[in-house]
Amino acid sequence: MTKKKPVFDYLLCVSCGICAQACPVSAIGMMKEGKSGKYRNLFPELVKDNCIGCGRCADSCPMDVIRMEEADSES
Ligand code: SF4
Ligand code: SF4
């Protein structure tokens, strides 16, 4: 069984929140802040246990920030 999970490239993210709205199971919250206070905007954060690996978030992102990766690795 190979379930996928979204991985975000925060350097490209514009904090629009479209991915969070597109998720059918509310597995994305706009709550992750940039490191060291460098960014003021909130970024999408995955609630891994909720994610069903559907890929809608990746399809919806206008900036191509989200990549679907195999979820079998730890982390
Ligand atoms: S892959 Fe699907 S379930 Fe998982 S965060 Fe993206 S939209 Fe939500
Ligand atoms: S849709 Fe893309 S650009 Fe918008 S918040 Fe989500 S990851 Fe960032």
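Here, the structure is the one placed above.
Residues numbered from 1 in each chain as written. Chains lettered and ligands numbered in written order. Predicted model: local features only at pLDDT ≥ 70, side-chain atom pairs only at ≥ 80, totals over all residues.

## Here's the deal with the overall build of the protein
Next up, step 1: Of regular secondary structure, the protein possesses two helices and four strands.
Next up, step 2: Counted from the first residue to the last, the protein has its helices and strands arranged as β-α-β-β-α-β.
Next up, step 3: Within the protein, the proportion of its 75 residues that are buried is 16%.
Next up, step 4: Sequence-distant contacts, at least 24 apart, represent 66% of the contacts inside the protein between residues at least 6 apart. (Helix = DSSP H or I, 4+ residues; strand = E, 2+ residues; numbered from the N terminus. Buried ≥ 20, exposed ≤ 12 C-beta atoms within 10 Å, placed from the backbone. Contact = placed C-beta atoms within 7 Å.)

## Some words on unusual backbone geometry
Next up, step 1: In this model, S15 sits at a positive phi of 60°, which is unusual for a non-glycine residue.
Next up, step 2: Judged by the 16 C-beta atoms lying within 10 Å of it, S15 is partly exposed.
Next up, step 3: The residue D64 is not glycine, and still its phi comes out positive at about 55°.
Next up, step 4: Its location among the elements puts D64 in the loop between α2 (56-60) and β4 (66-70).
Next up, step 5: Residue D64 is classed as exposed on the basis of its 9 C-beta neighbours within 10 Å.

## A few points about the site of ligand 2
Next up, step 1: Near ligand 2, the surroundings consist of 13 residues, among which C13, C16, C19, C61 and V65 are the closest.
Next up, step 2: Residues belonging to the shell around ligand 2 are distributed by class as follows: eleven nonpolar, two polar and no charged. (Near = placed C-beta within 6 Å. Nonpolar A, V, L, I, M, F, W, Y, C, P; charged D, E, K, R; others polar.)

## A short note on the nonpolar core
Next up, step 1: Membership of the largest hydrophobic core is limited to ten residues, which are F8, C13, C19, C23, A27, I28, C57, C61, V65 and I66.
Next up, step 2: Setting aside anything within four residues of it in sequence, one finds F8 in contact with C13, F43, P44, V65 and I66. (Core = buried A, V, L, I, M, F, W, Y, C linked by C-beta atoms within 7 Å.)

## Regarding the environment of G29
Next up, step 1: Along the chain, G29 falls in strand β2 (residues 28-33).
Next up, step 2: G29 gets classed as partly exposed once you count the C-beta atoms within 10 Å, which come to 16.
Next up, step 3: Setting aside its immediate chain neighbours within four residues, G29 contacts A20, E45 and V47.

## Focus: the environment of S26
Next up, step 1: With respect to the helices and strands, S26 occurs in the loop between α1 (18-22) and β2.
Next up, step 2: Assessed through the 11 C-beta atoms surrounding it within 10 Å, S26 is described here as exposed.
Next up, step 3: Between the alpha carbons of S26 and N50 there is a distance of 7.3 Å; along the sequence they are 24 residues apart.

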